[in-house]
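Overview (structure and organization)
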Amino acid sequence: MNTSQTTLTVPRQVTVSTRAAGGDKTTWVFVAALVLLYWVPEAILYMGWAKFWITLLAEVFIWGLFAVAFNLLMGYTGMISFGQAAYLGIGGYTAGLLLKKISGFPFALGLTAAPVSGALAALIIGYFCIRLTHTYFAMLTLAFSMIVYYTVFKWYDFTGGDNGLIGIPVPHWVQDPTFANYYKFVLVVTLVGVYLLWRIVNSPFGKTLTAIRENPDRASFVGINVKRYQLYAFIVAGAFSGLAGALFMINERSVYPELIFWTRSTQVLLMSILGGVYTFFGPIVGAFMLQLMDADITKDYPQIWQLFLGSMLVLILYGLPGGIMGFIQARDIASTDDAATRVRKAMGEFNRKFWYFFAAMLFFTGFFRILQAPDTWVTTVLLTAAQAAVGVLLCAWMLRQLNTFAPVWRIVFLLFPLLPLGLHIALSTPLSGLMIIVLWAVFIYSYLWQDEIREAFSQPHRAALATTPGA
Amino acid sequence: MSDFFVQFLNGVTIAMTIYLIASGLSLVFGVLGVLNFAHGSLYMYGSFLLFTLMRSVFHSPDSFWIGLLVVPLLVALLGAALEVGFLRFIYRADPLYQLLLTYGLVLILSDVVKLIWGAENQSVSRPPGFNGSVAIFGQLFPSYSIFILLPCGVVTMIGLYVFLNRTRLGRIIRAATQDREMIGALGINVRLLYTGVFALGAWLGGLGGVIAAPMGAIYPGMDLDIIIDAFIVVVIGGLGSLAGTVLGALIFGLLRSFGILFVPQFETLFIFILMAIVLVVRPQGLLGQHVTSGH
């Protein structure tokens, strides 16, 4: 691992810990996600919140699937495509054209045709692209996606050109007025898609891709046909992107050439970077963050959305090159450390990152509240200051207790995010702030439930470790 | 014959505009190894700064000439600031991360334009004396493109050639495209050189923005429209090769103008197909040297 030749400034332990956490546990995470998320529309309707959130969430799921498919190329195989939207568009248009031009065409078959066409297109285009690397690869994928874009854009007779393909017939059950059925349909399809991708990246095939990313030369020395595997990765990414394209089509019951434009390819790139390219779930987190922040900002301030997004990108590239999930999962533990050192290091890191999350939460809620209600900015500033003061005292006290390794504190910490969560729901702060709190909870769980830390908490004599509070 | 010539001249006009932008992009890539997405933004700032200068500062169409001198320098300053403030810290990272960083700058700069100048289309008038048209082979051509755009393009082309091949600094820059570490070992201040080259690239982008401004609308979003075209040109010609950029720009311009004649609607498509073919058959571009590893 240390001898990796790529120069990305990303902690490589990230990938190791993802793999270690793999296995059957994650299958249950998928099942739990399905069960929990399945009832969200009912919850939203029951609470009387805007129905718009239902479609927004569905859209985020589709983006998440697209981003994970894209990340199979970028994060796992190390090929940054600037034209992934081509397969999104090909999938969407294939499904749309089949359903619209052939009356009575089975919906399920149209949906299946999308990943197939995406894979076929990726096979043809990928055959040429995989010969190139780095910037040249990026430029060629860009060129091909623009070829697809302009073909669709100009071929009025077949694709409707820039008018798009409108009024595509979809079954009645996905177009109910509250979009609840549509949401559930999208949820199931994207979860199945993401689960399949999870199985793929954790299969020997996926490991081979990671090996190629780490060092193509070495991979070829051990007998891997690098180009062929890169092509396979390209095809798989194309197939799932095509599926995501069909889902985009179903939402609007229409497809437009914008689906293929290159800015959409860069958007999925941004999501992956934001969430973390060296983690499996990072791109999904990125999709959530991007879409929720977009919803929070563009509602009132469309003119500063790109400014905000660009600043986030620059900050992430400088400060957190592993993205948010990379930040959560990175450990500075060396393989030579003994158990006590590991625990001490992990706890030091936990303390430090805990404060980062606290600061990020304050910033996000404060910033977005001011955006939403600029008139009451004085109140917001005072509220945030009060929150900061109380929070600093509370968190400092809690972290001191945690460092005594009394088992109960682990539970207290896991439940702790419920406090800010409840506070924010009560104050009806923007969703982006809530997102940070959820990530905070994920972070707490991922640190305190590691084997070493669990052991330290369960054995009282390890309390001696507690002599090193803070970072 | 005259039809052919008219289209040819049209093509050359397009080529000159895109050359001014693409040359800076290619130069920066050659030396810094960064494909600068934000180059289109620098072009856009050139246009908008000229707009401010002519409309708000001097209130006269004559001030175009002042703008031609001053605005590219301002854009060069902006470029130097971007290099010192952002790019400098990321040269060691993967080149594609640098590309992403410049894309972040594109997003930031495009919204700053909207905040400063608003989202509307703007325009500036052509300098007095160049409003009309001239007849060439019985066809009317805007005198602005014949007497300002073409000479400026040619002068820049020759100027860059002379600068890079006949001056000491130019030789250093060319050497830096070959081997950066060696240049540093020879006692050249590489940081300063990088800032200077980036500023020069920005100057070219700003010049392109100034010259293109009187010919069309000035609007937020012109950065994204131009940057993809510039990518095509440098990729066809060869990333980092200035002669290649000239050739790429000519091919681009002529394909555009003759494409409209023969295959209207699909001329843009052909340009992208050509770009793909070049990348597949000869990734280093028509006049480029070897594909440098790591780019």
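Cut-off values and rules
Residues numbered from 1 in each chain as written. Chains lettered and ligands numbered in written order. Predicted model: local features only at pLDDT ≥ 70, side-chain atom pairs only at ≥ 80, totals over all residues. Heavy atoms only, no water. Helix = DSSP H or I, 4+ residues; strand = E, 2+ residues; numbered from the N terminus. Buried < 20%, exposed > 50% of the residue type's maximum accessible area, 1.4 Å probe, protein only. Contact = heavy atoms within 4.5 Å. Areas by Shrake-Rupley, 256 points an atom, 1.4 Å probe, with all protein chains shown as cover. Lys, Arg positive; Asp, Glu negative; His and termini not counted. Charge placed at Lys NZ, Arg CZ, Asp CG, Glu CD. Rg over C-alpha atoms; globule rule 2.2 N^0.38 Å. Buried area = accessible area lost by both parts, 1.4 Å probe. Salt bridge = Lys/Arg side-chain N within 4 Å of Asp/Glu carboxyl O. Polar contact = N/O pair within 3.5 Å; in protein donor to acceptor, adjacent residues only side chain to side chain. Nonpolar A, V, L, I, M, F, W, Y, C, P; charged D, E, K, R; others polar. Core = buried A, V, L, I, M, F, W, Y, C linked by side-chain atoms within 4.5 Å. pLDDT = per-residue confidence, 0-100. Patch = residues over 30% accessible without salt bridge, like charges linked within 9 Å, V, L, I, M, F, W, Y side chains within 5 Å. Phe/Tyr/Trp six-rings, centres within 6.5 Å; stacked < 30°, edge-to-face > 60°. Pairing = 2+ DSSP bridges.

Within chain A, the regular secondary structure consists of 22 helices and zero strands. C-alpha extents for chain A along the principal axes are approximately 75 × 60 × 35 Å. A buried classification covers 56% of the 471 residues belonging to chain A. A fraction of 78% describes how many contacts in chain A between residues 6 or more apart in sequence connect residues 24 or more apart. Carbon and sulfur atoms make up 68% of the accessible area of chain A, which amounts to about 19,600 Å² in all. The average position of the 29 basic charges and that of the 21 acidic charges among the side chains of chain A differ by 6 Å.

This brings us to the overall build of chain B. Each helix and strand in chain B was counted, giving 11 helices and two strands. Mapped from its N terminus to its C terminus, chain B presents α and β elements in the order α-α-α-α-β-β-α-α-α-α-α-α-α. Its C-alpha atoms give chain B a radius of gyration of 19 Å, within 12% of the compact-globule value 19 Å for 295 residues. If you line up chain B on its principal axes, its C-alpha atoms span 60 × 45 × 35 Å. Counted over contacts in chain B with a minimum sequence separation of 6, partners at least 24 positions apart contribute 74%. Of the roughly 11,800 Å² of accessible surface on chain B, 67% is carried by carbon and sulfur atoms.

To continue, consider the interface of chain B and chain A. Taken together, the contact between chain B and chain A spans 46 residues of the former and 43 residues of the latter. Roughly 4,100 Å² of surface becomes buried between chain B and chain A when both sides are summed, with 79% attributable to carbon and sulfur atoms. Interface area lost by chain B to chain A is led by B:L96, B:Y97 and B:L100, which between them contribute 16%. At the junction of chain B with chain A, the criterion picks out zero salt bridges. The tally of links between chain B and chain A comes to six residue pairs in polar contact (both at pLDDT 80 or more). Of all elements in the fold, only helix 4 (95-117), helix 9 (222-237) and helix 11 (267-281) of chain B reach the threshold of two or more residues within the side of chain B that touches chain A. In terms of residue count, the dominant contributor to the side of chain B that touches chain A is helix 4 of chain B (15 residues). A breakdown of the residues in the side of chain B that touches chain A according to their chemical character gives 34 nonpolar, eight polar and four charged.

Residue and element names in this part refer to chain A. Grouped together as the largest cluster of nonpolar side chains are 260 residues, with contacts concentrated most on F82, I250, M289, F350, F354, F413 and L448. If you tally residues by element for this core, the top one is helix 4 (residues 52-77), at 19 residues. The residues contacting M289, other than those within four sequence positions of it, are L274, I324, F364, M435, I436 and L439.

Once that is clear, we can look at the confidence of the model for chain B. Caution applies to low-pLDDT parts of the model: their predicted coordinates are not meant to be read in detail. Per-residue confidence for chain B gives a mean pLDDT of 86; residues scoring 70 or more make up 98%. Here the prediction assigns the complex a pTM of 0.87, and the interface score ipTM is 0.88.

What follows is about the side chain of A:T190. All names here are of chain A. By secondary structure assignment, the location of T190 is in helix 9 (residues 180-201). The exposure class assigned to T190 is buried, which follows from its relative accessible area of 4%. Polar side-chain contacts of T190 include one of 2.7 Å to the backbone oxygen of V186. Dropping the residues within four chain positions of it, T190 is found in contact with F61, I62, L65 and L247.

With the rule as written, the count across this model stands at six salt bridges over all chains. Between A:E42 and A:K184 there is a salt bridge, with the nearest N and O atoms lying 2.7 Å from each other. Pair noted here: A:E42 is in helix 3 (residues 40-47) and A:K184 is in helix 9, with a separation of 142 residues, a long-range link. Across the pair B:K114 and B:D111 runs a salt bridge, and its minimum N-O distance is 3.4 Å. On the criterion of helical spacing, the pair formed by B:K114 and B:D111 is a turn pair, its members being three residues apart in helix 4. Residue B:D111 is classed as buried on the basis of its relative accessible area, which comes to 0%.

Residue and element names in this part refer to chain B. With respect to the helices and strands, the residue N131 is situated in the loop between helix 4 and strand 1 (133-136). Relative accessible area serves as the criterion here: at 53%, N131 is assigned to the exposed category. With residues up to four places along the chain from it excluded, the contact list for N131 reads R126 and S143.

All names here are of chain A. You will see that H134, though not glycine, has its phi angle at about 50°, which is positive. Along the chain, H134 falls in helix 7 (residues 134-154). The exposure class assigned to H134 is partly exposed, which follows from its relative accessible area of 31%. Residues other than glycine seldom take positive phi values, yet R253 does so here, at roughly 55°. Here R253 lies in the loop between helix 12 (226-252) and helix 13 (262-275).

Residues and elements named next belong to chain A. Among the surface-exposed residues, W28, V31, L34, V35, W39, V188, V192 and L196 lie close enough to one another that they form a single nonpolar patch of about 750 Å² accessible area. Elements that contribute at least two residues to the nonpolar patch include exactly helix 2 (24-38) and helix 9. It is helix 2 that contributes the most residues to the nonpolar patch, four residues altogether.

Residues and elements named next belong to chain A. Enumeration over the complete set of coordinates arrives at 66 aromatic pairs over all chains. Seen from their ring centres, Y149 and F261 are 4.8 Å apart, and the 55° between their planes marks the pair as tilted. Here Y149, found in helix 7, pairs with F261, found in the loop between helix 12 and helix 13; they are 112 residues apart in sequence, far enough to count as distant. Residue classification places Y149 among the buried positions, given a relative accessible area of 9%. Ring plane angle 55° and centroid distance 5.2 Å describe the contact between F354 and W440, whose orientation is recorded as tilted. One end of the pair, F354, is in helix 17 (residues 339-372); the other, W440, is in helix 21 (residues 431-448), and 86 residues separate them in sequence.

Moving on, we come to the side chain of A:T384. All names here are of chain A. Within the fold, T384 resides in helix 18 (residues 377-402). One polar contact links the side chain of T384 to the main-chain carbonyl oxygen of T380, over a distance of 2.6 Å. Discounting chain neighbours no more than four positions away, the residues touching T384 are L362 and G366.

Residue and element names in this part refer to chain A. Its location among the elements puts V60 in helix 4. Here V60 falls in the buried class, since its relative accessible area comes to 1%. As for V60 and A287, which are separated by 227 residues in sequence, their C-alpha atoms are 6.1 Å apart. Those residues in contact with V60 that lie beyond four places of it in its chain are A287, F288 and Q291.

Our focus in this paragraph is the pairing of strand 1 of chain B. Residue and element names in this part refer to chain B. In terms of strand pairing, strand 1 meets strand 2 (residues 139-142) through four bridges, oriented antiparallel. Bridge pairing links A135 to L140 in strand 2. Taking the residues between adjacent antiparallel strands as the criterion, strand 1 and strand 2 are bridged by two residues, where F137 takes a positive phi near 55°.

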